[in-house]
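Below are the chains, spelled out letter by letter.
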Amino acid sequence: MRKTYLLGFLLLFSISLSILSEQGCKNKTGQAVQNSGFVFKERLSDYGFFKNKLKDLDPNEGVLHYDISTALFTDYAVKDRFIVLPKGTAMKYTAAGALDFPDSTIIVKNFAYTNVYHQKIIIETRLLVKDPTDKNWKVMNYLWNKEQTEAIKHITGAKVPITLLDNDGNKVFTNYQVPNTNDCKRCHIKNDVLIPIGPKARNLNITLAGQSTNQLKTWAAKGVLRGLPDTGAVAQLPNWADANHYSLEQRARAYLDINCAHCHTKGGDAYNTGLFLEYEQTNPNHLGIRKAPVSAGGGAGGLDYDIIPGDASHSILAYRMNSTEPGTAMPELARTLPHKEGIKLIREWINSLK
């Protein structure tokens, strides 16, 4: 009797689960819906972004190559950037922050170095995907093989020993750090939401080398960017390396914006420091001028203020930029080498302040 009761109960329980499962996988019209969200592929080649040899990064139709006015320093890396939009969709212009991207957009960023034979060697490719299921951005890294024929999904980060040529042609050895996906999230988080950093209208408002038309205008003419005003009304972030067209102040502030402000901003990973380094920032205290550090600890090197006008040698900002020690180096991610050109620029700017 007990066995019969137990078998009947199990049968009824199984049928109920089956019904609930079927209802949970269908919408009101009875059509199945996908709840799993975007699934990253195992190999970079599986996406079909590029034609011919993968390492040539020759984009297929519908894959937009782009560049920005001033770039984040990553151990003298050579970077190639692409945007993949779903067919028939377009980006929307926004005056502040990143452009408004449609669901299923994929932003592709490749990192390479120049070896001692002046060859371009790709180390990693990072994907930022706007998941159509929950409208959130998600990130994944792909690590390239030595043969430069494929890149494989890589979540845990890696250290890759390389010998590169810097901007002056000097040989430099380092253990390049491929970030894990959580590292990526630290820089791309604002107000607890993952967002793109680089593709803002002010960063994209340039004419690429070899082109005659502004990059944003080109996209608008192709129908892949909507709502673009006259580019004269669009802000432009200065090129920190262009001393011919921009002042020392403009170049230094642009450098700090692209290298530091994604964390040093309200809602960013370094919000608690009170040091906000956006290009538009005008508050001297937020910029670090005669501002005592809040949470630097030993990383401050015994110095008292983030920036002492006219005295870069005793300013914490310049000190931390020149360090590679964990806990002291700033930025603390994305580099293992000091950026000598960037350090020189920031020191000159601090020393010029009255």
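Refer to the preceding data block for the structure.
Residues numbered from 1 in each chain as written. Predicted model: local features only at pLDDT ≥ 70, side-chain atom pairs only at ≥ 80, totals over all residues. Heavy atoms only, no water.

Peer 1: Quick one: what's the story with the overall build of the protein, residue by residue and with numbers?
Peer 2: Secondary structure summary: the protein contains seven helices and 14 strands in total. Counting over 354 residues, the protein shows a buried share of 44%. Restricting the contact set of the protein to residue pairs at least 6 apart, pairs at least 24 apart contribute 52%. In the structure as shown, the protein presents an accessible area of about 19100 Å², 52% of it carried by carbon and sulfur atoms. (Helix = DSSP H or I, 4+ residues; strand = E, 2+ residues; numbered from the N terminus. Buried < 20%, exposed > 50% of the residue type's maximum accessible area, 1.4 Å probe, protein only. Contact = heavy atoms within 4.5 Å. Areas by Shrake-Rupley, 256 points an atom, 1.4 Å probe, with all protein chains shown as cover.)

Peer 1: Quick rundown of helix α4 (residues 215–222)? Include the residues and the values.
Peer 2: Listed in full, the buried residues belonging to α4 are Gln215, Leu216 and Trp219. End-on, the buried residues of α4 take up no more than an arc of 100°, which puts them together on one face. On its buried face, α4 is in contact with β3 (63–66), β4 (78–84), β5 (91–92), α3 (201–204) and β14 (225–226). The N-cap of α4, judged by a side-chain oxygen 2.8 Å from the amide nitrogen of Leu216 a few residues on, is Asn214. A positive backbone phi angle near 85° is found at Gly223, which sits one or two residues after α4. (Arc of directions from axis to C-beta. Polar contact = N/O pair within 3.5 Å; in protein donor to acceptor, adjacent residues only side chain to side chain.)

Peer 1: Break down the sheet that holds β3 for me, with residues and values.
Peer 2: Within a beta sheet, neighbouring strands are joined by backbone hydrogen bonds and run either parallel or antiparallel to one another. Ordered by their spatial adjacency, six strands build an open sheet running β3-β4-β6-β7-β8-β9, and the pairing between neighbours is antiparallel. On the outer flanks of this sheet lie β3 and β9 (151–154), each paired with one strand and no other. With strand direction ignored, the average angle separating the axes of adjacent strands in the sheet is 25°. Along the sheet, α4 makes contact with β3 and β4, crossing β3 at roughly 165°. (Pairing = 2+ DSSP bridges. Axes fitted to C-alpha atoms, helices over the stretch in contact; angles between N-to-C directions.)

Peer 1: Please give an account of the environment of Thr156 that cites residues and values.
Peer 2: Structurally, Thr156 is set in the loop between β9 and β10 (158–165). A C-alpha to C-alpha distance of 8.7 Å links Thr156 and Asn182, two positions 26 residues apart in sequence.

Peer 1: Residues and numbers for the nonpolar core, please.
Peer 2: One finds Leu164, Tyr255, Leu256, Ile346, Trp349 and Ile350 to be the most contacted residues of the largest nonpolar core, which totals 32 residues. Mapped by element, the contributors of at least two residues to this core are β6 (106–114), β7 (120–130), β10, β11 (171–178), α5 (248–260), α6 (316–321) and α7 (340–352). (Core = buried A, V, L, I, M, F, W, Y, C linked by side-chain atoms within 4.5 Å.)

Peer 1: Mind laying out unusual backbone geometry, listing which residues take part and the relevant values?
Peer 2: If you check the backbone angles, Ser104 has positive phi at about 75° while not being a glycine. Relative to the helices and strands, Ser104 is located in the loop between β5 and β6. On the basis of relative accessible area, Ser104 is assigned to the partly exposed category, the value being 31%.

Peer 1: If you had to explain empty space enclosed by the protein to someone new, which residues and values would you point to?
Peer 2: Within the structure shown, the criterion is met by two cavities of 30 Å³ or more. Lining the largest cavity are Phe73, Tyr255, Asn259, Cys260, Met321, Met330, Pro331, Arg335, His339 and Ile343. Residue contributions to the lining of the largest cavity peak at three residues, all from α5. Looking at the lining of the largest cavity residue by residue, the classes come out as seven nonpolar, two polar and one charged. Estimates place the volume of the second largest cavity at around 40 Å³. (1 Å grid on protein atoms, 1.4 Å probe; cavity = no way out; pocket = protein on both sides within 12 Å on 5 of 7 lines; lining within 4 Å. Points joined across faces, edges and corners; volume = space filled by probe spheres on them. Nonpolar A, V, L, I, M, F, W, Y, C, P; charged D, E, K, R; others polar.)

Peer 1: Describe in detail the packing of aromatic side chains, supporting the description with residues and values.
Peer 2: Describing an aromatic ring pair means giving the distance of the ring centres and the angle of the ring planes. Inspection of every chain in the model, using the stated rule, returns nine aromatic pairs. Members of the aromatic cluster, each reached through a chain of ring pairs, are Tyr47, Phe49, Phe50, Phe82 and Tyr142. If you follow Lys41 out to its NZ or CZ, it ends over the ring of Tyr47, 5.8 Å from the centre. The ring of Phe111 carries Arg126 above its face, with NZ or CZ at 3.9 Å from the centroid. (Phe/Tyr/Trp six-rings, centres within 6.5 Å; stacked < 30°, edge-to-face > 60°. Lys NZ or Arg CZ within 6 Å of the ring centre and 35° of its normal.)

Peer 1: Provide a residue-level description of the side chain of His339, including the pertinent values.
Peer 2: Along the chain, His339 turns up in the loop between α6 and α7. You can call His339 buried: its relative accessible area is 5%.

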